[in-house]
Amino acid sequence: MTFEDEFRDDLTNKGTNADYQDIGFNITGHASGNIPDADMNTENAFTYTLAYEDMGTVGDFDFNDVVLKVNYTSGTGTAYVTLCAAGGTLSVKVKYTDNNSSTQYIKWGESQKEEIHDAFGYSSSSMINTTAGGLTVESINQTINVPADFSIKGIGDNPAKLTIEVTKDDGVTEIGIPDGTDKGGAPQCICISGNWEWPTERTHIDVAYPGFGKWGAGYTTYLNWWSEGVKTDKDGNILIWENTSTSSASSN
Ligand SMILES: [Ca+2]
Ligand SMILES: [Ca+2]
């Protein structure tokens, strides 16, 4: 179990870095029964889900245009990054910026491709791992070297961070976790603690997770919006992605 020790005020950008690594401990005891969990990591690693929109304010806010999961153990020099979904049709690369502001694009898999659709083996017109019954491809893991004080948000003396670079007709846009300076604007990236399941293609996040907008309007309310998803609508349409392929995605 890991804990965050301070409340964060996203409007003033003051407070915690939300890295959920301030206290961590394991519990041992005489538990009965066996609850298998393939994803269980016995170290104090923590997983974050980064979900991106690629179109700016004209987007559909399905937050699946790029989905990354980052697994990191506090104090170590390696972060494990998993490319989970590519639900947009623009060319996108994932960029890591270290504490010295030097940058690198993550090269995925054996092919070492930087563009995410390329990395999955498809053209950028393909939407991958976002459409129920549609194209389902195994996720891709990569490791990156990070400073021992790595924080997913990249703030203060510790600015290392992950962003995406989207190539559009009018140039390249970099998108990351909002730093609190762009008040009033809709976020283009959200970071959720743990393994989060993203909305299916063109499902607005507010439909899949009805508490999202209420949390956005009053950030001390609906704090559990991310865990209260609506999997299907009244017509049976699937609103939240679930990997139904027979080949299970590998984890780090
Ligand atoms: Ca989108
Ligand atoms: Ca999408």
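Bear in mind the structure is a predicted one, so any value in this text is a computation, not a measurement.

Rules and cut-offs
- Residues numbered from 1 in each chain as written.
- Chains lettered and ligands numbered in written order.
- Predicted model: local features only at pLDDT ≥ 70, side-chain atom pairs only at ≥ 80, totals over all residues.
- Helix = DSSP H or I, 4+ residues; strand = E, 2+ residues; numbered from the N terminus.
- Buried ≥ 20, exposed ≤ 12 C-beta atoms within 10 Å, placed from the backbone.
- Contact = placed C-beta atoms within 7 Å.
- Pairing = 2+ DSSP bridges.
- Axes fitted to C-alpha atoms, helices over the stretch in contact; angles between N-to-C directions.
- Core = buried A, V, L, I, M, F, W, Y, C linked by C-beta atoms within 7 Å.
- pLDDT = per-residue confidence, 0-100.

### Some thoughts on the overall build of the protein chain
Okay, so step 1: Within the protein chain, the regular secondary structure consists of three helices and 13 strands.
Okay, so step 2: Scored against the burial criterion, the 252 residues of the protein chain give a buried share of 31%.
Okay, so step 3: Taking contacts inside the protein chain between residues at least 6 apart in sequence as the whole, the part at least 24 apart equals 57%.

### Section: the environment of Gly 176
Okay, so step 1: Structurally, the position occupied by Gly 176 is in the loop between strand S12 (171-175) and strand S13 (189-193).
Okay, so step 2: Residues Gly 176 and Pro 187, spaced eleven residues apart in sequence, show a C-alpha to C-alpha distance of 8.9 Å.

### So, the pairing of strand S5 (residues 45-52)
Okay, so step 1: In terms of residue burial, S5 counts as a mostly covered element, since six of its eight residues are buried.
Okay, so step 2: When S5 meets strand S6 (residues 66-73), the two strands line up antiparallel, connected through eight bridges. Bridge assignment links Tyr 48 to a residue of S6, and that residue is Val 70.
Okay, so step 3: When S5 meets S13, the two strands line up antiparallel, connected through five bridges. Looking across to S13, one finds that Thr 49 is bridged to Ile 192.

### Description of the pairing of strand S8 (residues 91-97)
Okay, so step 1: Both S8 and strand S11 (residues 161-168) contribute to a ladder of seven bridges, which runs antiparallel. Bridging from a neighbouring strand, Tyr 96 pairs with Leu 162 of S11.
Okay, so step 2: Across three bridges, S8 lies against strand S9 (residues 103-105) in antiparallel orientation. Residue pairing for S9: Thr 97 is matched across the bridge by Thr 103.

### Considerations on the sheet that holds S12
Okay, so step 1: Taking strand neighbours across the sheet as the criterion, the four strands line up as S9-S8-S11-S12 in an open arrangement whose pairing is antiparallel. Unpaired on one side and paired on the other, S9 and S12 mark the two borders of the sheet. Between one strand axis and the next, the sheet turns by 30° as a mean value, whatever way the strands run.

### Some thoughts on the sheet that holds S13
Okay, so step 1: Strand order across the open sheet formed by five strands is S10-S7-S6-S5-S13, with antiparallel pairing between neighbours. Looking at the sheet topology across the chains shown, the edges are occupied by strand S10 (140-145) and S13. Going from strand to strand, the sheet's axes swing by 25° on average, the running direction of each strand aside.

### What about the environment of Phe 212?
Okay, so step 1: Within the secondary structure layout, Phe 212 lies in helix H3 (residues 211-217).
Okay, so step 2: Given 22 C-beta atoms within a 10 Å radius, Phe 212 is considered buried.
Okay, so step 3: For the pair Phe 212 and Trp 225, spaced 13 residues apart in sequence, the C-alpha separation works out to 5.5 Å.
Okay, so step 4: In contact with Phe 212, other than residues within four places in its own chain, are Ile 205, Asp 206 and Trp 225.

### A closer look at the nonpolar core
Okay, so step 1: Among the nonpolar cores identified, the biggest contains 47 residues, and Val 66, Leu 68, Val 70 and Ile 116 are the most heavily contacted of them.
Okay, so step 2: Elements represented by at least two residues in this core include exactly S5, S6, strand S7 (78-85), S8, helix H1 (116-120), S11 and helix H2 (205-208).
Okay, so step 3: Excluding its chain neighbours within four sequence positions, the residues that come into contact with Val 70 are Thr 47, Tyr 48, Leu 50, Ala 79, Val 81, Ile 152 and Leu 162.

### Remarks on unusual backbone geometry
Okay, so step 1: For Phe 61, which is not glycine, the phi torsion reads 55° and is therefore positive.
Okay, so step 2: Here Phe 61 is to be found in the loop between S5 and S6.
Okay, so step 3: Its identity is not glycine, yet Tyr 222 carries a phi of approximately 50°, on the positive side.
Okay, so step 4: Using a count of 18 C-beta atoms within 10 Å as the deciding quantity, one classes Tyr 222 as partly exposed.

### Concerning the environment of Trp 196
Okay, so step 1: Take Trp 196: it is sitting in the loop between S13 and H2.
Okay, so step 2: Distance from Trp 196 to Val 67, taken between C-alpha atoms, is 9.7 Å for residues 129 residues apart in sequence.
Okay, so step 3: Excluding residues that lie within four positions of it along the chain, Trp 196 makes contacts with Thr 49 and Trp 226.

### A few points about the confidence of the model for the protein chain
Okay, so step 1: Residues with a pLDDT of 70 or more make up 83% of the protein chain, whose mean pLDDT is 86.
Okay, so step 2: The secondary-structure element of the protein chain with the lowest mean pLDDT is strand S2 (residues 8-9), recorded at 60, while H1 shows the highest, at 98.
Okay, so step 3: Across residues 246-252, confidence stays below pLDDT 50; counting only partners more than four residues off in sequence or on other chains, it has eleven contacts.

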